[in-house]
2 protein chains.
Amino acid sequence: MTERVIRVGMLGCGTVGSAVARTLSSYGDDIARRAGVRIEITRVAVRDVARARDVPLASQVFTADAASIVDDPDIDVVLELLGGLDPARPLVERALAGGKPVVTGNKELIAAAGAALEAAAHAGAADLAYEAAVAGGIPLIRPLRESLAGDRVTRIIGVVNGTTNFILTQMSEHGSRFEEALAEAQRLGYAEADPTADVEGFDAAAKCAILASVAFDTRVTDADVYREGITRLTARDIADAARLGYVVKLLAIAELDEDDVSVRVHPAMVPASHPLANVRDAYNAVFIEADKAGQLMFYGRGAGGDPSGTSVIGDLIRVARHLTYGGRMQGADGTGLGRRIRPMDDTHGQYYLNLHVEDRPGVLAEIAEVFGRNGVSIERVWQEGFGEDAALVFITHRAQEGPFQKTVQELRERDAVRAVVSLLRVEGEE
Amino acid sequence: MTERVIRVGMLGCGTVGSAVARTLSSYGDDIARRAGVRIEITRVAVRDVARARDVPLASQVFTADAASIVDDPDIDVVLELLGGLDPARPLVERALAGGKPVVTGNKELIAAAGAALEAAAHAGAADLAYEAAVAGGIPLIRPLRESLAGDRVTRIIGVVNGTTNFILTQMSEHGSRFEEALAEAQRLGYAEADPTADVEGFDAAAKCAILASVAFDTRVTDADVYREGITRLTARDIADAARLGYVVKLLAIAELDEDDVSVRVHPAMVPASHPLANVRDAYNAVFIEADKAGQLMFYGRGAGGDPSGTSVIGDLIRVARHLTYGGRMQGADGTGLGRRIRPMDDTHGQYYLNLHVEDRPGVLAEIAEVFGRNGVSIERVWQEGFGEDAALVFITHRAQEGPFQKTVQELRERDAVRAVVSLLRVEGEE
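Please read all numbers here as calculations on a predicted model, not as lab measurements. (Residues numbered from 1 in each chain as written. Chains lettered and ligands numbered in written order. Predicted model: local features only at pLDDT ≥ 70, side-chain atom pairs only at ≥ 80, totals over all residues. Heavy atoms only, no water.)

Draft legend 1. Quick peek at the overall build of chain A. For chain A, the helix and strand inventory stands at 14 helices and 17 strands. Its C-alpha atoms give chain A a radius of gyration of 24 Å, near enough to 22 Å, the size a compact globule of 430 residues would have. Principal-axis analysis of the C-alpha atoms places the extent of chain A at approximately 80 × 45 × 35 Å. The proportion of buried residues among the 430 residues of chain A is 59%. A sequence separation of at least 24 residues applies to 74% of the contacts in chain A between residues at least 6 apart. Accessible area of chain A: about 16,000 Å², with a carbon and sulfur share of 47%. Put simply, chain A has 46 plus and 63 minus side-chain charges, and the middle of one group is 3 Å from the middle of the other. (Helix = DSSP H or I, 4+ residues; strand = E, 2+ residues; numbered from the N terminus. Rg over C-alpha atoms; globule rule 2.2 N^0.38 Å. Buried < 20%, exposed > 50% of the residue type's maximum accessible area, 1.4 Å probe, protein only. Contact = heavy atoms within 4.5 Å. Areas by Shrake-Rupley, 256 points an atom, 1.4 Å probe, with all protein chains shown as cover. Lys, Arg positive; Asp, Glu negative; His and termini not counted. Charge placed at Lys NZ, Arg CZ, Asp CG, Glu CD.)

Draft legend 2. Spatial organisation of the interface of chain A and chain B. Of the residues lining the interface, 54 residues belong to chain A; the matching set on chain B comes to 54 residues. Carbon and sulfur atoms make up 50% of the surface buried where chain A meets chain B, a total of about 4,900 Å² over both sides. The interface formed by chain A and chain B holds 8 salt bridges in total. Arg152(B) is the partner of Asp30(A) in a salt bridge, and the nearest nitrogen-oxygen pair spans 3.2 Å. Where chain A packs against chain B, one counts 24 residue pairs in polar contact (both at pLDDT 80 or more). The leading source of residues in the side of chain A that touches chain B is helix 12 (residues 305–325) of chain A, at 9 residues. (Buried area = accessible area lost by both parts, 1.4 Å probe. Salt bridge = Lys/Arg side-chain N within 4 Å of Asp/Glu carboxyl O. Polar contact = N/O pair within 3.5 Å; in protein donor to acceptor, adjacent residues only side chain to side chain.)

Draft legend 3. Quick peek at the relation of the copies chain A and chain B. Mapping chain A onto chain B calls for a rotation angle of 180° and an axial translation of 0.0 Å; the resulting RMSD is 0.0 Å. The transformation just described matches what one would write down for a two-fold rotation axis. Residue Gly327(A) of chain A places its C-alpha closer to the rotation axis than any other residue of that unit, at 2.0 Å. (Least-squares fit on C-alpha atoms with pLDDT ≥ 70 in both.)

Draft legend 4. Seen up close, the packing of aromatic side chains. A complete count under the given rule lists 9 aromatic pairs over all chains for this structure. Summarising the aromatic geometry, the rings of Phe166(B) and Tyr190(B) are spaced 4.7 Å apart at their centres and angled 50° between planes, so their arrangement reads as tilted. You can see Phe166(B) sitting in helix 7 (residues 162–174) and its partner Tyr190(B) sitting in the loop between helix 8 (178–187) and helix 9 (196–199), a full 24 residues away along the chain. Among the residues examined, Phe166(B) registers a relative accessible area of 5% and is labelled buried. Relative to Phe404(B), the ring of Tyr351(B) has its centre 3.8 Å away and its plane inclined at 10°; by these criteria the two rings are stacked. Of this pair, Tyr351(B) sits in strand 13 (residues 348–357) while Phe404(B) sits in helix 14 (residues 401–412), placing them 53 residues apart in sequence. Note on Phe404(B): relative accessible area 0%, which makes it buried. Lying across the ring of Tyr27(A), Arg152(B) places its NZ or CZ 4.1 Å from the centre. In this arrangement the basic side chain of Arg227(B) is found over the ring face of Phe202(B), its NZ or CZ atom lying 3.7 Å from the centre. (Phe/Tyr/Trp six-rings, centres within 6.5 Å; stacked < 30°, edge-to-face > 60°. Lys NZ or Arg CZ within 6 Å of the ring centre and 35° of its normal.)

Draft legend 5. Just the sheet that holds strand 3 (residues 62–63) of chain A, in detail. All names here are of chain A. Sheet architecture is open: 6 strands sit in the order 3-2-1-4-5-6, paired in parallel fashion. Edge positions in the sheet fall to strand 3 and strand 6 (128–129), since each of these pairs with one other strand and no more. Of the strands in this sheet, strand 1 (5–11), strand 2 (38–45), strand 4 (77–80), strand 5 (102–104) and strand 6 are in contact with helix 12, which crosses strand 4 at around 165°. (Pairing = 2+ DSSP bridges. Axes fitted to C-alpha atoms, helices over the stretch in contact; angles between N-to-C directions.)

Draft legend 6. Structural context of unusual backbone geometry. Between Asp86(A) and Pro87(A) the backbone carries a cis peptide bond, its omega angle lying at 10°. In this fold, Pro87(A) is placed in the loop between strand 4 and helix 4 (88–97). With a phi close to 55°, Ala135(B) is a non-glycine residue in the positive phi region. Tracing the sequence through the fold places Ala135(B) in the loop between strand 6 (128–129) and helix 6 (141–147). Exposure remark for Ala135(B): the relative accessible area of 0% places this residue in the buried category.

Draft legend 7. Highlighting the side chain of Thr218(B). Residues and elements named next belong to chain B. With respect to the helices and strands, the residue threonine 218 is situated in the loop between helix 10 (202–216) and strand 8 (226–227). Here threonine 218 falls in the buried class, since its relative accessible area comes to 7%. A polar atom in the side chain of threonine 218 sits 3.3 Å from the backbone nitrogen of glycine 338. The contact partners of threonine 218, leaving out residues within four places of it in the chain, are Ala212, Ser213, Val261, Gly336, Leu337, Gly338 and Arg339.

Draft legend 8. Looking closely at the sheet that holds strand 1 (residues 5–11) of chain B. Residue and element names in this part refer to chain B. Taken in spatial order, the 6 strands make up an open sheet running 3-2-1-4-5-6, and their pairing is parallel. Sheet topology places strand 3 (62–63) and strand 6 at the edges, where each strand pairs with a single neighbour. Where strand 5 (residues 102–104) meets strand 6, 2 bridges bridge the pair, whose relative direction is parallel. Note on strand 6: the bridge partner recorded for valine 103 is alanine 129. Contacting strand 1, strand 2 (38–45) and strand 4 (77–80), helix 1 (residues 15–26) runs over the sheet at an angle of about 145° to strand 2.

Draft legend 9. Looking closely at helix 7 of chain B. Residues and elements named next belong to chain B. Under the 1.5 Å per step criterion, the end-to-end length of helix 7 is 17 Å for 13 residues, consistent within 8% with the ideal 18 Å. For helix 7, the buried fraction is high: 10 of the 13 residues fall into the buried class. Turning to helix 7, its buried residues number three or more, namely Gly162, Thr163, Thr164, Asn165, Phe166, Ile167, Leu168, Thr169, Gln170 and Met171. Looking at the buried residues of helix 7, the elements they touch are strand 7 (153–159), helix 8, helix 9, helix 11 (235–243), strand 9 (246–257) and strand 11 (283–290). One or two positions beyond helix 7, positive phi appears at glycine 175, with a value near 65°. (Expected span 1.5 Å × (residues − 1).)

Draft legend 10. Spatial organisation of the environment of Gly175(A). Residue and element names in this part refer to chain A. Its location among the elements puts glycine 175 in the loop between helix 7 (162–174) and helix 8 (178–187). Classification of glycine 175 as partly exposed rests on a relative accessible area of 49%. Each C-alpha atom of the pair glycine 175 and threonine 234 lies 9.8 Å from the other, and the pair is 59 residues apart in sequence. Sequence-distant contacts of glycine 175, defined by excluding residues within four places in its chain, comprise Gln170 and Ala235.

Draft legend 11. Representation of the pattern of salt bridges. All names here are of chain B. Enumeration over the complete set of coordinates arrives at 91 salt bridges over all chains. The partner of arginine 280 in a salt bridge is glutamate 173, with the nearest N and O atoms 2.7 Å apart. Here glutamate 173 lies in helix 7 and arginine 280 lies in the loop between strand 10 (260–271) and strand 11, a separation of 107 residues in the sequence. When the shortest N-O distance is used, the salt bridge between arginine 236 and aspartate 240 registers 3.2 Å. Of this pair, arginine 236 and aspartate 240 both sit in helix 11, separated by 4 residues, roughly a single helical turn. With a relative accessible area of 41%, arginine 236 lands in the partly exposed category.

Draft legend 12. Representation of the environment of Leu276(B) within the structure. All names here are of chain B. The topology assignment puts leucine 276 in the loop between strand 10 and strand 11. As a C-alpha pair, leucine 276 and glutamate 173 span 103 residues in sequence and 16 Å in three-dimensional space. If near-sequence neighbours (up to four positions away) are discounted, leucine 276 is found in contact with Ile157, Val159, Lys249, Leu251, Ala285, Phe287 and Met297.

Draft legend 13. The arrangement of the side chain of Asp151(B) in detail. With respect to the element layout, Asp151(B) can be found in the loop between helix 6 and strand 7. One polar contact links Asp151(B) to Thr310(A), side chain to side chain, over a distance of 3.3 Å. Within polar-contact distance, the side chain of Asp151(B) engages the backbone nitrogen of Asp291(B) at 3.4 Å. For Asp151(B), the contacting residues outside a window of four places in its chain are Tyr27(A), Arg34(A), Thr310(A), Ala290(B), Asp291(B), Lys292(B) and Ala293(B).

Draft legend 14. Representation of the pairing of strand 4 of chain B within the structure. All names here are of chain B. Residues Val77 and Leu79 point to one face of strand 4 and Val78 and Glu80 to the other, with burial holding for every one of them. As paired elements, strand 1 and strand 4 share 4 bridges and run parallel to each other. Paired with methionine 10 across the strands is leucine 79, a residue of strand 4. With 3 bridges connecting them, strand 4 and strand 5 associate as parallel partners. Looking across to strand 5, one finds that valine 78 is bridged to valine 102. As a crossover connection, the stretch from strand 4 through helix 4 (residues 88–97) into strand 5 is right-handed. (Right-handed = clockwise from strand over helix to strand, strands pointing away.)

These figures capture arrangement, not role.
Right, dumping it as structure tokens:
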């Protein structure tokens, strides 16, 4: 079998980069035999060249000059693992413009500039691959773009942030408050000292944008994604959901609504029998509905050096094979279909609402009238407690977001409603 | 974008073939836009040319002469959907020898002759693709062979037969007996009039062989797979498992044991918290453990014209792109690693054993001595019932199959043991 060596220039050498270097070193022979190509990291750009690193790479491969790697004619593939937009974006653009293929695990970059980079890759006749940018070690981009290329994906619902899923699992299984569960996640290294990107849904929103772009063959950026985090969830929300047979998850949802795209990240109650309900701790899973294939789910580790490194190496092998045997990455050329992003108020959802109310005859009628007038139809309603503790609990049919929010606003202003105790979306009902 | 037309010659026009023809017709423009190739079925071999078919194909594309399609220079790709070995195998061999790529959904063919066909494909420099041969609409072959090419898969546990999973779900959720659940499956079209291939595990064994071959890059045929069906499972087995927090599934297991391969299909108790436990009805799922990626699971529809058709079209697109833009299928050349298949007696497993016993002092000691002498270690044991109904229930630690079966044989011969009420394997414990 051919033993052409493909030389990789790596930008950044953090957790994922180090894992990639170690695996290429220890499994190099296996990879060469299976893939028909040998892949070697021959240059690495890092900020501090002098720093000691636990990677099987000679010290002379390190440089502080990332641009020199991108321009180096002896580098066949650029592996970008810097994260963020600057300097990642100009470096990746420069590589692609020069016809040099790029593998990246940078979700911020692809979420913000994926379409432009796909166009640059198309123009430069160079591959651009980013399996590791979404859900770490789970193959998703390739199945969506290639295996399902003959189908029509209509909806994606993902648990794509391990940190928040760990926190929600703690709250659900141990009754922890959000702050306690977050502290535990930080203690175990699942959450950063500043957890904003995770708990406010920014990380999930970036992944949502990438999944929507690939699945619906259109241009969606992270800024297009409606976003609610999990910081306002209470132990009571979680317990109430459990009592009703639901599990609360932070979901990234991308769906086709007529020809528009709806993209959103928010917590939601999922039926306990739904495949996503069983995704615990830091695991990720992405549930896909397609016209022909029906329901699919992909489950695995969404982060970590080794899992994400596996996705990176799968991409490197693909690109290396193209350089060796010919062929091009299947997929977008960055033009896409230009689908409209549906404003959140025009999307449809199902809602759970717990209202602390006055316990007197006529209250239900008064409240039901507000729902009805706004065109929000009620699937189930029941009273809990009585007297000072009386609550009315509603689960709606699927309703439009705007009118539902207007309903809640009007209810808050009623004397009969003492407080809105919980408001949660419901997803994944039959 | 290029509008080269790739002409497919289809052998067979049953459920999957018809679905493929319909989807190519209705989604043809989408596919051409996304994949950069247009795919058309231009000839179809069927037994009865005159028969009316609900497919959007002109009557003149049909022929009874399959070989003429394989030899036709105007056919770019052969799509083999005949099933079985004869005449599928000689036709596929002839196509590959002539350098014509083949897409097939024929699990019997790949399970029996996969390595030889991979070698023929390699020699003929033609692609061979068979995503639809395992778990219908779930992308598995491509993720295993490509996305995980840089990793080392150590174990695969699959629920890969929808018929038996439907039957077991009925038994589990409605307390049905096997015969009742089978009749229901037949009534709904999930089971054939002769259900042998499904309920005796032949279908799962073929899929197990294919998964093992791809994951471990070696040659495993369906004849290598140890096989037990579900016909002897009782409603009591299922109920006992449920009481202990387990769900009974028919599993296809392929694992590396040192450098050997162990391949087996049998029912087993799976912990209710395991991702496979939640796979209900006719759904399939394949759970994968790899050194770097960790635990992965792929879930979806394992059969049916549309789901399997999606996999077929994904493969056709791949092959069509290679013909148009260059490149070759990544994967085996049929030589493989030649790993040894470990005999069932040498494999290791965990076991649940329910014994109807004499209720008198000393019985547990007598029975435990038999376990101990054979080197089978007990994890838990407890007594249920008393007097005439006394039972001892054991769950072992992981033990070697041979000594465990010898233990059971010896126990059957003891007066203290009135009957072996249940014997079930346990899989998926931490």
